[in-house]
Amino acid sequence: MATDPGLGGAMATADEAVAEALSRRAEVLNNAFAMADLQGRLAGIVAEATGQVVFTTSFGLEDQVLTHVIATAKLPVTFATLDTGRLFPEVYALWQQTEERYGILIRPYYPRYDTLELHVRQNGINGFYASREARKSCCDIRKIEPLGRALAGASIWLTGLRADQSSARGGVKLAEADAARGLVKASPLIDWTRERALAFAHENAVPINPLHARGFVSIGCQPCTRAIVRGEPERAGRWWWEDDAAKECGLHVGQDGKLARAKAGTVETRA
């Protein structure tokens with residue numbers, strides 16, 4: 001069956017128009033709030049939203065700082081978190097403490113059980129150690145797909161990214177177009193240092209994860225996170241067995257989040 005080249009061209013043009021519109025919106029936010037303080041940035045970004053604003057928190061230091069400001073100012077922001085099923089016990093305790101402290105609901109998003117079950121059958125419960133491909137598949141299932149559901153219908157996605165967390169994040173702006181998800185991603189702490197975030201947390205009695213004091217600077221899933229030693233970059237403790245300076249799971253880089261799945265046979269074996 002022949003395809004209509006005119007239709008394909010129209011779709012491409014529409015996609016380009018959406019991307020251009022998102023870029024313009026991001027530039028407006030950058031120009032308006034790049035020099036504002038944190039409270040001003042958050043209030044201004046939320047006020048400029050054309051729809052729902054979603055903040056995804058993993059309960060790290062930066063996310064706790066943002067939660068404090070958003071909740072204290074009672075900004076119309078939806079809180080969401082990705083529960084991968086492999087988090088530290090300290091994260092779950094902090095989750096409950098944070099909801100109780102600020103009187104908020106943090107919406108949980110979980111992996112699809114059928115996809116996760118198949119992945120574990122094929123790779124083993126800790127199969128992500130075996131290869132980079134297996135690890136990325138695990139991140140896709142436990143993080144990327146649930147993130148898509150958490151952000152469905154959002155016009156602005158708030159994150160706790162800081163530019164100095166890694167070289168891969170050094171070029172991130174306050175606001176950027178995310179054409180793949182059809183929204184603007186904003187990182188209000190992009191020009192903050194970890195020391196500044198820690199000082200803010202202490203000054204405002206913000207609840208933070210006790211693992212931070214034990215060298216766990218960037219906290220992800222328990223089996224994929226270790227404490228770092230003096231002199232190591234912040235994200236060195238993530239997927240430490242991989243030789244990759246970027247240290248990203250895919251939430252903040254361009255991936256399609258798809259998992260290539262083999263069909264399970266009558267007798268299940270692993271290659």
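Figured I'd write up the structure that's included with this text. Please read these numbers as outputs of a predicted model, since none were measured by experiment.

The rules behind these values
- Residues numbered from 1 in each chain as written.
- Predicted model: local features only at pLDDT ≥ 70, side-chain atom pairs only at ≥ 80, totals over all residues.
- Heavy atoms only, no water.
- Pairing = 2+ DSSP bridges.
- Helix = DSSP H or I, 4+ residues; strand = E, 2+ residues; numbered from the N terminus.
- Right-handed = clockwise from strand over helix to strand, strands pointing away.
- Axes fitted to C-alpha atoms, helices over the stretch in contact; angles between N-to-C directions.
- Contact = heavy atoms within 4.5 Å.
- Core = buried A, V, L, I, M, F, W, Y, C linked by side-chain atoms within 4.5 Å.
- Buried < 20%, exposed > 50% of the residue type's maximum accessible area, 1.4 Å probe, protein only.
- Salt bridge = Lys/Arg side-chain N within 4 Å of Asp/Glu carboxyl O.

Our next topic: the pairing of strand β3 (residues 106-109). Strand direction decides the pairing type here: strand β2 (residues 78-82) and β3, joined by 4 bridges, are parallel. By the bridge assignment, Ala-80 is partnered in β3 with Arg-107. Tracing the backbone out of β2, into helix α4 (residues 89-102) and back to the parallel element β3 gives a crossover that is right-handed.

A few words now on the sheet that holds β3. Read from one edge of the open sheet, 6 strands run β3-β2-β1-β4-β6-β5, paired in mixed fashion. The two strands at the open ends of the sheet, each matched to only one other strand, are β3 and β5 (175-178). Looking at each pair of strands side by side, their axes are set apart by 30° on average, direction ignored. With 3 bridges connecting them, strand β1 (residues 52-56) and β2 associate as parallel partners. Its bridge partner being in β2, Val-54 is matched across the sheet by Thr-78. In the packing of helix α3 (residues 61-72) onto the sheet, the strands contacted are β1, β2 and β4 (154-158), and the crossing angle to β1 comes to about 145°.

In this section: the nonpolar core. In this structure, Ile-70 and Leu-158 are the most contacted members of the largest nonpolar core, which totals 46 residues. When sequence neighbours within four positions are dropped, the list of residues in contact with Ile-70 reads Leu-42, Phe-55, Leu-75, Val-77, Phe-79 and Leu-158. Core analysis: the second largest hydrophobic core is formed by 10 residues, Ala-80, Leu-151, Ala-154 and Leu-183 among them.

We now examine the pattern of salt bridges. Pairing of side chains with opposite charge becomes possible as their charged atoms draw close. Counted by the stated rule, this structure contains 13 salt bridges. Put simply, Arg-132 and Glu-242 hold a salt bridge, and the shortest N to O gap is 3.2 Å. Highlighted residues: Arg-132 in helix α6 (residues 132-150) and Glu-242 in the segment after α7 (194-203), separated in sequence by 110 residues. Owing to a relative accessible area of 38%, Arg-132 belongs among the partly exposed residues under this scheme.

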